[in-house]
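Chain by chain, the residues run as shown.
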Amino acid sequence: MAKTALQFRHNGSEVAIFVDGGTNLLVALRELIGDMTPKFGCGQGGCGTCSVLIDGELHLSCLTLAETVAGRSVETLDSLKQGPNLHPLQRAFAENFAAQCGYCTPGMLMAAKALLDRNPSPSRAEVVEAISGNICRCTGYEPIINAILAASGGRVSA
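Reference entry: report on the structure contained in this document. (Residues numbered from 1 in each chain as written. Predicted model: local features only at pLDDT ≥ 70, side-chain atom pairs only at ≥ 80, totals over all residues. Heavy atoms only, no water.)

Some details on the pattern of salt bridges
The following threshold applies: Take a side-chain nitrogen of Lys or Arg and a carboxyl oxygen of Asp or Glu: if they are within 4 Å of each other, that pair is a salt bridge. A run of H or I in DSSP becomes a helix once it reaches four residues, and a run of E becomes a strand once it reaches two; helices and strands are each numbered from the N terminus. Three exposure classes are used, based on accessible area relative to the maximum for each residue type with a 1.4 Å probe and protein chains only: buried under 20%, partly exposed in between, and exposed over 50%.
Applying the stated rule across the entire model yields seven salt bridges. Among the ionic pairs, aspartate 117 bridges to lysine 113, the shortest N-O distance being 2.7 Å. One end of the pair is aspartate 117 and the other is lysine 113, both in helix H3 (residues 105-118) and four residues apart, which spans about a single turn. Judged by relative accessible area, lysine 113 falls into the buried class, the value being 12%. In this structure, arginine 124 engages glutamate 142 in a salt bridge whose closest nitrogen and oxygen atoms are separated by 2.4 Å. Of this pair, arginine 124 sits in helix H4 (residues 124-130) while glutamate 142 sits in helix H5 (residues 142-152), and the two are 18 residues apart along the sequence. Residue classification places arginine 124 among the partly exposed positions, given a relative accessible area of 37%. Through salt bridges with shared partners, a single ionic network connects Glu75, Lys113 and Asp117.

A short note on the packing of H3 against H5
Basically, it comes down to this: Angular values range over 0 to 180 degrees, each being the angle between N-to-C directions of two axes fitted as lines to C-alpha atoms, with helices fitted over their stretch in contact. Handedness of each helix crossing follows the sense of rotation of the near helix against the far helix: counterclockwise by less than a right angle gives left-handed, clockwise gives right-handed. Throughout, a contact is declared for two residues whenever any of their heavy atoms are within 4.5 Å. Put simply, Ala, Val, Leu, Ile, Met, Phe, Trp, Tyr, Cys and Pro go in the nonpolar bin, Asp, Glu, Lys and Arg in the charged bin, and everything else, Gly too, in the polar bin.
Interhelical geometry of H3 versus H5 gives an angle of 40 degrees and a closest axis separation of 11 Å. Between H3 and H5 lies a crossing of right-handed hand. Of the residues in H5, those in contact with Met108, Ala112, Leu115 and Leu116 of H3 are Ile144, Ile148, Ala151 and Ser152. Here the contact of H3 with H5 is composed, by residue class, of seven nonpolar, one polar and no charged.

Brief notes about the packing of helix H2 (residues 88-95) against H5
Applicable threshold: Throughout, the term roughly parallel applies to angles under 35 degrees, roughly antiparallel to angles over 145, roughly perpendicular to angles from 65 to 115, and oblique to all others.
Axis separation between H2 and H5 bottoms out at 8 Å; the angle between their running directions is 135 degrees. Compared by their axis directions, H2 and H5 come out oblique. Every pair of crossing elements has a handedness; the one defined by H2 and H5 is right-handed. Contact residues: Pro88, Leu89, Ala92 and Phe93 in H2; Ile144, Ala147, Ile148, Ala150 and Ala151 in H5. Taken together, the residues of the contact of H2 with H5 break down into nine nonpolar, no polar and no charged.

Any functional reading would require information beyond the geometric quantities listed.
Structure (structure tokens):
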């Protein structure tokens, strides 16, 4: 099978890789680039743990063909940190105990970032809608919702 050359921006840096036809973006990110922050969950688009931003829009990397990101910008959880400094969302997740096992956290953070990038002051209902494609089995969602609201400067329910 012939490989296809693929160039795109990954967390602000230009990358060039070769992919087999049908390779999904999750495999390309993890196995070819070495970015382990998008997690493999269900592999069917139902859990959200593989969520990434493509040109600022939330996408499930397990359902996205790698070839479709040619010339585009892909952001993963790894893009949030700046050296040792946590992104405000990461800080809010820690302060609000929004990560327990942590498996859903990369997808939740990327869904939250997509929301706050387009709406810096969301309502609770908008936060719930934004993370609705992400499954968490540990937190009961309230700490996650509270963390996103805290990061936005909104009020957190007690």
